[in-house]
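In case you want the letters, here they are:
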Amino acid sequence: MAETHVLFVEDDDVIREATQLALERQGFMVTAMPDGLLGLEAFRANRPDIALLDVMVPGLDGVSLCRRIRDESTVPVIMLSARADSIDVVLGLEAGADDYVTKPFDGAVLVARIRAVLRRFGHAGGGEAALQGQGPHGALLTFGDLEVDTEGMEVRKGGVPVALTPTEMRLLLEFSSAPGTVLSRDKLLERVWDYGWGGDTRVVDVHVQRLRTKIGQDRIETVRGFGYKLKA
């Protein structure tokens with residue numbers, strides 16, 4: 001299998017070099033850049049399998065860089081933020097990031113999060129790998145004007161194709177596999193984000209909101225104190 005290529009954008013020299021070395025020891029190929037503009041150039045030149053972006057970098061900040069990457073690709077993005085309660089976490093997720101890790105981080109935790117993201121993206125040596133094997137084989141699920149093709153991994157609303165990121169698609173597949181059933185945030189973290197440990201439920205909330213903007217605000221209902229459900 002080809003090496004997994006990680007684009008790592010971090011302006012702190014010590015963190016950048018130490019993290020690059022740690023990832024390379026785990027078998028990753030790493031392109032490390034000190035600012036966002038160089039990071040964008042490296043992304044376009046190399047098309048990595050995953051992007052690891054610090055929020056606060058010069059030239060082009062991590063959130064803006066994530067947005068630029070998302071405009072061009074569905075490659076998974078993990079944001080790095082210095083504070084767990086920072087608004088930057090939410091801004092990064094709203095810009096299209098799939099997950100985030102709080103600094104300072106343990107190298108083993110970072111590697112585990114990278115591998116978890118790659119697993120749910122169906123990574124097999126390519127950054128644009130398609131989702132496969134989700135939902136009933138060959139099923140076309142219909143919810144009002146929303147159609148979910150679980151074999152072709154396509155979504156249409158009113159007959160018009162809807163572009164979803166792989167994380168958004170996995171989230172929708174979880175909802176569509178059990179319409180009308182309330183799914184807790186913890187359950188969604190486990191099933192979609194592959195968390196075998198407690199995670200920040202803001203990741204779920206932001207992705208649900210992003211999904212709502214694409215398939216209809218009233219399609220996914222919030223059940224206060226419990227979670228979310230797809231209206232059948």
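For the structure, see preceding data.
So, how was this worked out
Residues numbered from 1 in each chain as written. Predicted model: local features only at pLDDT ≥ 70, side-chain atom pairs only at ≥ 80, totals over all residues. Heavy atoms only, no water. Pairing = 2+ DSSP bridges. Helix = DSSP H or I, 4+ residues; strand = E, 2+ residues; numbered from the N terminus. Axes fitted to C-alpha atoms, helices over the stretch in contact; angles between N-to-C directions. Parallel < 35°, antiparallel > 145°, perpendicular 65-115°, else oblique. Left-handed = near helix turned anticlockwise from the far one by under 90°. Contact = heavy atoms within 4.5 Å. Nonpolar A, V, L, I, M, F, W, Y, C, P; charged D, E, K, R; others polar. Polar contact = N/O pair within 3.5 Å; in protein donor to acceptor, adjacent residues only side chain to side chain. Core = buried A, V, L, I, M, F, W, Y, C linked by side-chain atoms within 4.5 Å. Buried < 20%, exposed > 50% of the residue type's maximum accessible area, 1.4 Å probe, protein only. Salt bridge = Lys/Arg side-chain N within 4 Å of Asp/Glu carboxyl O.

(A) Structural context of the sheet that holds strand β9 (residues 160–162). Strand order in the open sheet made by the four strands is β6-β7-β8-β9, with antiparallel pairing throughout. Looking at which strands have only one partner, the edges of the open sheet turn out to be β6 (140–143) and β9. When strand polarity is set aside, the average angle formed by the axes of neighbouring strands in this sheet is 25 degrees. Note that strand β8 (residues 154–157) and β9 share three bridges and pair antiparallel.

(B) Layout of the packing of helix α2 (residues 36–46) against helix α3 (residues 62–72). Packing of α2 against α3 brings their axes to within 10 Å, and their N-to-C directions diverge by 20 degrees. As summarised for this structure, α2 and α3 are arranged roughly parallel, according to the angle between their axes. Helix-helix and strand crossings are classified by hand; for α2 and α3 the assignment is right-handed. Judged by residue contacts, G36, G39, L40, F43 and R44 of α2 engage L65, R68, I69 and E72 from α3. Here the contact of α2 with α3 is built from residues that sort into four nonpolar, two polar and three charged.

(C) Just the sheet that holds strand β3 (residues 50–54), in detail. Pairing is parallel across the open sheet formed by five strands, whose spatial order is β2-β1-β3-β4-β5. Across the chains shown, the open sheet's two edge strands, defined by having one partner strand only, are β2 (29–33) and β5 (99–102). Neighbour-to-neighbour, the strand axes of the sheet open up by a mean angle of 20 degrees, direction not taken into account. Pairing of strand β1 (residues 5–9) with β2, which is carried by five bridges, proceeds in the parallel orientation. The residue bridging L7 from the neighbouring strand is T31, located in β2. Here helix α1 (residues 13–25) sits on the sheet and contacts β1, β2 and β3; the angle it forms with β2, its principal contact strand, is near 170 degrees.

(D) Local environment of the side chain of D49. Summarising the element assignment, D49 is placed in the loop between α2 and β3. Polar contacts involving the side chain of D49 include one to the main-chain amide nitrogen of H5, which spans 2.7 Å.

(E) How the structure looks around the nonpolar core. Core analysis: the biggest nonpolar cluster contains 52 residues, and L53, M79 and F175 have the highest contact counts within it. The greatest single-element share of this core, amounting to six residues, is contributed by helix α8 (residues 202–215). Those residues in contact with L53 that lie beyond four places of it in its chain are V9, G62, L65, C66, I69, V77, I78, M79 and L80. In terms of nonpolar packing, the next biggest core, distinct from the first, is built from 16 residues, F8, V30, V101 and V111 among them.

(F) Molecular detail of the pattern of salt bridges. Within the structure shown, the criterion is met by 16 salt bridges. Across the salt bridge formed by E10 and K103, the nearest N and O atoms sit 3.0 Å from each other. Taken together, the positions of E10 in the loop between β1 and α1 and K103 in the loop between β5 and α5 (107–120) put the pair 93 residues apart, joining distant regions of the chain. By relative accessible area, E10 is classed as buried at 0%. Residue classification places K103 among the buried positions, given a relative accessible area of 15%.

(G) Broad picture of the pairing of strand β7 (residues 146–149). With four bridges joining them, β6 and β7 adopt antiparallel strand pairing. Looking across to β7, one finds that L141 is bridged to V148. Note that β7 and β8 share four bridges and pair antiparallel. Within β8, the residue paired with E147 across the bridge is R156. From the end of β7 to the start of β8, which pair antiparallel, there are four residues, and M153 there has a positive phi angle of about 55 degrees.

Read these as spatial facts, not as claims about activity.
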